[in-house]
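Residues per chain are reported as follows:
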Amino acid sequence: MFANLSRRSFAGLAGLAALGMTTRASAAESDTHAPARFPKDFVWGTATSSYQIEGAVNEDGRGKSIWDVFSHTPGKIEDGTTGDRANEHYHRYKEDVGLIKALGVKAYRFSIAWPRVFPDGTGQPNPQGLDFYNRLVDELLANGIEPYATLYHWDLPQTLQDRVGGWQSSDTSKAFADYAAYVAARLTDRVKTIFTVNEVGRFVNFGYGWAIDAPGLKLPTAQLNQARHHVALAHGLAVQAIRASGRAGTKVGAAENIAACVPAIATAENIRAAEIATRELNAGFLGVVLEGKYTDGFLAYAGADAPKFTTDELKIIGTPNDFVGLNIYAPQFYVTASDRAPGFHVLPFPTSFPRMNSEWLRIGPEVIYWAPRIAAKIWNIDTIYISENGASSEDKLAADGQVYDLDRIMFLRNYLTQMQRAVAEGVPIRGYFLWSLMDNFEWIFGYGKRFGLYRVDFETQARVPKLSAAFYRDVVARNAIGV
Ligand code: NOJ
């Protein structure tokens, strides 16, 4: 059998064997006998957001949001759809809570539509709007599922956009704090964890800078930086308002799509470079929230376009948070070390880099290891939630009516393995919310991009569990990845 091996290659194989590297079968065996476990109290959940699933946009006194107006503007949504009907979750919430329960998860992250609660953004509240969330929260608790509420998942009341330019004005920051106080006073007897704003890194840039998302503006950089500053201020004011009006002990933080910088090759120098890059490239929101100041690098880079702020505002923005939520999908930048300022190189992506069924969703499982590890280190964070992670897939119904989303399972298996690695090394990740419970309105892509564990037929509203739902249920049940 070894007749064709030269002495040299045989010696090579022998060397590998000495290192334990040719014993494939036994390596596989040890894999199968050593499941990677999570801590006992690890929080497993799923996530959704109001405009993406609720529908019922004209019911019970709801005001319009910037996404109602934007999605109804011809040409803005790829498939010409809107969130008018979406998943009809407003009426089917009991069925949907049943879907969450069937996964075996004990936590659910949803968002509250600001224009349901304050149809005009400020002023008169609409108690009927809040009642929907009272019903939802009660239903979740009755089924043993802990509610995690997000206050702002992009559906800004249109009146605030019309009256003061939305996030272009600090009036919106103050209105947000009033809305946060109102909700906290009424829900924190049952909702113990509140996320203030979701993905500032996306909605400010895409909505106010590049005219891709609502409200569809293309502001000059100085105004864009100012708008982001107003969001940071809104976050800080809301943290204070929730503490003032909510039950003592309510936990509060943001959910941010951190600009995730990954060392291209994990040498000590490159890891350091990724830390520097992460701090500088997130200085405009996470940085100022967690440090109470903008970095020198950020201010120097912005120059005359830097946001205007007062010391008082920075104090409010830097109000200590109870946790940090990180939405982690794709590695944003792979970096290496550089001798020159700012101390890192950003590497170009080859076009052949693998992706899921969304252009932007590059597959780099190690990002869910590095981003929390680096964030915890540079900002000294003791509690992290992965507030979103998940993937879009083709999700065709097979002839037998099932959805064999093997690519989503591949994605999740790899990301969860990397997350377990982080947890095992002591990175303080306390919970994970899979995006998403069910297919929904994927913003500018309409219903064309599916992220759900359940497939939704948007004609009949039938929900069918995909194979990934069984995969996730198994991980959650065993509290481990691997068998
Ligand atoms: C992050 C956003 O928060 C969510 O609304 C969106 O659907 C997912 N990413 C997937 O793109």
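Before any of the text, the structure's been laid out above.
Owing to the predicted nature of the structure, the values given are computational and were not obtained by experimental measurement. (Residues numbered from 1 in each chain as written. Predicted model: local features only at pLDDT ≥ 70, side-chain atom pairs only at ≥ 80, totals over all residues. Heavy atoms only, no water.)

1. A look at empty space enclosed by the protein
Thinking step 1. Going through the model one piece at a time under the given rule, you end up with two cavities of 30 Å³ or more.
Thinking step 2. Here the largest cavity is characterised by a volume of approximately 40 Å³.
Thinking step 3. Surrounding the largest cavity, Ile66, Trp67, Tyr152, Trp154, Trp167, Phe203, Tyr208, Ala214 and Pro215 form its lining.
Thinking step 4. Those elements that place two or more of their residues in the lining of the largest cavity are α4 (66–71) and α10 (200–209).
Thinking step 5. Along the lines of polarity and charge, the residues of the lining of the largest cavity split into nine nonpolar, no polar and no charged.
Thinking step 6. Counted as a void, the second largest cavity has a volume near 30 Å³.
Thinking step 7. Lining the second largest cavity are Ser50, Tyr51, Glu54, Gly55, Val57, Arg62, Ala113, Arg116 and Asp155.
Thinking step 8. Within the lining of the second largest cavity, the residues separate by chemical class into three nonpolar, two polar and four charged. (1 Å grid on protein atoms, 1.4 Å probe; cavity = no way out; pocket = protein on both sides within 12 Å on 5 of 7 lines; lining within 4 Å. Points joined across faces, edges and corners; volume = space filled by probe spheres on them. Helix = DSSP H or I, 4+ residues; strand = E, 2+ residues; numbered from the N terminus. Nonpolar A, V, L, I, M, F, W, Y, C, P; charged D, E, K, R; others polar.)

2. Remarks on a nonpolar patch on the surface
Thinking step 1. Together, Tyr404, Leu406 and Leu467 line one region of the surface with nonpolar side chains, adding up to about 300 Å² of accessible area.
Thinking step 2. Residue position: Leu467 is located in helix α18 (residues 467–478).
Thinking step 3. Residue classification places Leu467 among the partly exposed positions, given a relative accessible area of 34%. (Patch = residues over 30% accessible without salt bridge, like charges linked within 9 Å, V, L, I, M, F, W, Y side chains within 5 Å. Areas by Shrake-Rupley, 256 points an atom, 1.4 Å probe, with all protein chains shown as cover. Salt bridge = Lys/Arg side-chain N within 4 Å of Asp/Glu carboxyl O. Buried < 20%, exposed > 50% of the residue type's maximum accessible area, 1.4 Å probe, protein only.)

3. Some details on the site of the ligand
Thinking step 1. Gln52, His153, Glu388, Glu442 and Trp443 are the nearest of the 13 residues found near the ligand.
Thinking step 2. Within the side chain of Trp435, one N or O atom sits 3.2 Å away from an oxygen atom of the ligand.
Thinking step 3. Coverage of the ligand by the protein chains reaches 98% of its 300 Å² of free accessible surface.
Thinking step 4. In terms of residue class, the shell around the ligand is made up of six nonpolar, four polar and three charged. (Near = heavy atom within 4 Å. Polar contact = N/O pair within 3.5 Å; in protein donor to acceptor, adjacent residues only side chain to side chain.)

4. Side note on the sheet that holds strand β5 (residues 193–198)
Thinking step 1. What the eight strands build is a closed barrel, ordered β2-β3-β4-β5-β6-β8-β11-β12; its pairing is parallel. Going from strand to strand, the sheet's axes swing by 25° on average, the running direction of each strand aside.
Thinking step 2. Relative to strand β12 (residues 429–435), strand β11 (residues 384–389) runs parallel, the two being bridged by four bridges. In the strand pairing of β12, Tyr385 is matched with Gly431.
Thinking step 3. Seen against the sheet, α10 touches β4 (146–152), β5 and β6 (251–256) and runs at an angle of roughly 25° to β5. (Pairing = 2+ DSSP bridges. Axes fitted to C-alpha atoms, helices over the stretch in contact; angles between N-to-C directions. Contact = heavy atoms within 4.5 Å.)

5. Topic: unusual backbone geometry
What you tend to see is this: most non-glycine residues have negative phi, and most peptide bonds are trans.
Thinking step 1. With omega at 5°, the peptide bond leading from Ala214 into Pro215 counts as cis.
Thinking step 2. In this fold, Pro215 is placed in the loop between α10 and α11 (221–245).
Thinking step 3. In the segment running from Ala341 into Pro342, the intervening peptide bond is cis, with an omega of 5°.
Thinking step 4. Backbone geometry at Asn380 places phi at a positive 55°, although glycine is not the residue there.
Thinking step 5. Take Asn380: it is sitting in the loop between α16 (367–379) and β11.
Thinking step 6. The backbone phi angle of Gln461 is positive, close to 65°, even though this residue is not glycine.
Thinking step 7. Relative to the elements of secondary structure, Gln461 occurs in the loop between β13 (454–456) and β14 (463–465).

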